[in-house]
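Commentary on secondary and tertiary structure
Given next are the chains, with one letter for each unit.
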Amino acid sequence: NAGVMQNPRHLVRRRGQEARLRCSPMKGHSHVYWYRQLPEEGLKFMVYLQKENIIDESGMPKERFSAEFPKEGPSILRIQQVVRGDSAAYFCASSPFAGYEQYFGPGTRLTVT
Amino acid sequence: QKEVEQDPGPLSVPEGAIVSLNCTYSNSAFQYFMWYRQYSRKGPELLMYTYSSGNKEDGRFTAQVDKSSKYISLFIRDSQPSDSATYLCAMEGGSEKLVFGKGTKLTVNP
C-alpha cells in the first residue's frame, strides 16, 4: 500500500510566480490535511479538506493561498505571487476517517528566489 | 504561553541509553496525543498515538500521558544510532488540527 505521495519534492519559484503543490492521499483515505514547516519552526496546520469540500482553512493565510481536493485527482495547494517568506517545507497528511491517525507524505520543499 | 512546549535540545546520548523526551501543553481540550519521528529532509513518521492518560508501549517505545499535569513523554529503551532524528510531539482536541511542538533533535552515538 503506497503511502502519501507528494510532488514535486523540490520546487523553485521566482518571486511573483505561482506554486502548485500536489498530494495524493493513501488509498482509501478521503481526508487530507496540509501543514507548513518554516525553518526553525514547528509544523503548522494550514487546511483540512475532504473530497470536494474545504472543512477548515483557519490556518491558511488570507491572501494568495488556496487549496482544493477534487472528486478525481490529487489535492492541490496553490500559492499565487510567491514571496520569499513562502519558502518552507509543505507537508500533506491523510487519514481514512475524522479522528483517526494522520499519515504524512515526504513533503515539498519550496524555495522562492 | 505557547499551546505546546517542547525542548528543542539537541540531545546526545550513547547507544543503549534510555531516552526521555517531553512536552507540556496548556490547552485542556487536547484529547489525542502523538509522537512523530522526522529524519532530516523527510516527512514525519507516526510512532505513537494515545488517547487519555496512561502508558502505551510499542517495542522499545513507551508513551506516557498525564492530563492532570498537561505533560506527555516518550521513552526510548536501548537506543540505537538509527533512532537519531527529530522527535515531534503533537496533540489534537477534536478539531482534526494537529498542534505540534517544535521538535527535539536526538543523536545516538555508537
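Throughout what follows, the structure given in this document is the object of discussion. Residue indices follow the written sequence of each chain, beginning from 1 at its first position. Each chain gets a letter, beginning with A, and each ligand a number, beginning with 1, in the order they are written. It should be noted that, the model being predicted, local features are given only for residues of pLDDT at least 70 and side-chain atom pairs only at 80 or more, the latter also being counted only at that level, while totals for whole chains, interfaces and linings use all residues. Excluding hydrogens and water, the side-chain figures rest on all heavy atoms present in the structure.

**Structural notes on the overall build of chain A**
Helices and strands together make up the secondary structure of chain A, namely zero helices and eleven strands. Only DSSP runs of H or I with at least four residues qualify as helices, and only runs of E with at least two residues qualify as strands; both kinds are numbered from the N terminus onward. If you list the helices and strands of chain A from N to C, you get β-β-β-β-β-β-β-β-β-β-β. Think of it in three bands: residues with accessible area under 20% of the maximum for their type are buried, residues over 50% are exposed, and the middle band is partly exposed, with areas taken using a 1.4 Å probe on protein chains only. Within chain A, buried positions represent 45% of all 113 residues. Pairs at least 24 apart in sequence give 53% of the contacts found in chain A among residues at least 6 apart. Averaging the coordinates of the 16 positive side-chain charges in chain A and doing the same for the 11 negative ones gives two points 7 Å apart. Here, residues are in contact when the closest pair of their heavy atoms is within 4.5 Å. Think of it this way: Lys and Arg go in the positive column, Asp and Glu in the negative one, and His and the chain ends go nowhere. In this description, the location of a charge corresponds to atom NZ of lysine, CZ of arginine, CG of aspartate or CD of glutamate.

**Quick notes on the pairing of strand β3 (residues 19–25) of chain B**
Residue and element names in this part refer to chain B. Of the two faces of β3, only the one carrying Val19, Leu21, Cys23 and Tyr25 is buried; Ser20, Asn22 and Thr24 on the other face are not. Strand pairing requires that DSSP identify at least two bridges connecting the strands. Of the strand pairs in this sheet, strand β1 (residues 4–6) and β3 are connected by three bridges, and their pairing is antiparallel. Bridge pairing in β3 places Val4 opposite Tyr25. Two strands pair when backbone bridges link them, and β3 and strand β8 (residues 71–76) are joined in this way by six bridges, in the antiparallel orientation. Residue pairing across strands places Thr24 opposite Tyr71, the latter belonging to β8.

**Looking at the nonpolar core**
Nine residue types can take part in a nonpolar core, namely buried Ala, Val, Leu, Ile, Met, Phe, Trp, Tyr and Cys, and a core is a set of them joined through side-chain atoms within 4.5 Å. One finds B:Trp35, B:Ile72, B:Leu74, B:Ile76, B:Tyr87 and B:Met91 to be the most contacted residues of the largest nonpolar core, which totals 24 residues. When residues of this core are traced back to their parent elements, those giving at least two are β3, β4 (32–38), β5 (45–51), β7 (61–66), β8, β9 (85–92) and β11 (104–109) of chain B. Membership of the second largest hydrophobic core comes to 23 residues, among which are A:Cys23, A:Val47, A:Tyr90 and A:Val112.

**So, the sheet that holds β8(B)**
Residues and elements named next belong to chain B. Strand order across the open sheet formed by five strands is β1-β3-β8-β7-β6, with antiparallel pairing between neighbours. Among the strands making up the open sheet, the edge pair consists of β1 and β6 (54–58). Each neighbouring strand pair of the sheet contributes to a mean axis angle of 15°, computed without reference to strand direction. Every axis corresponds to a line fitted to the C-alpha atoms, with the helix fit spanning only the stretch in contact, and the corresponding angles, defined between N-to-C directions, vary from 0 to 180 degrees.

**Things to note about the pattern of salt bridges**
We count a salt bridge whenever a side-chain nitrogen from Lys or Arg sits within 4 Å of a carboxyl oxygen from Asp or Glu. In total, this model carries seven salt bridges over all chains according to the counting rule given. Across the salt bridge formed by A:Glu18 and A:Arg20, the nearest N and O atoms sit 2.9 Å from each other. Assessed through its relative accessible area of 36%, A:Arg20 is described here as partly exposed. In this structure, B:Arg77 and B:Glu57 form a salt bridge, with 3.4 Å as the shortest nitrogen-oxygen distance. Placement of the pair is B:Arg77 in the loop between β8 and β9 and B:Glu57 in strand β6, with a sequence separation of 20 residues. Judged by its relative accessible area of 29%, B:Arg77 is partly exposed. Taking relative accessible area as the criterion, B:Glu57 reaches 59% and is therefore assigned exposed. Because the salt bridges share partners, they merge into one network encompassing A:Glu18, A:Arg20 and A:Arg78.

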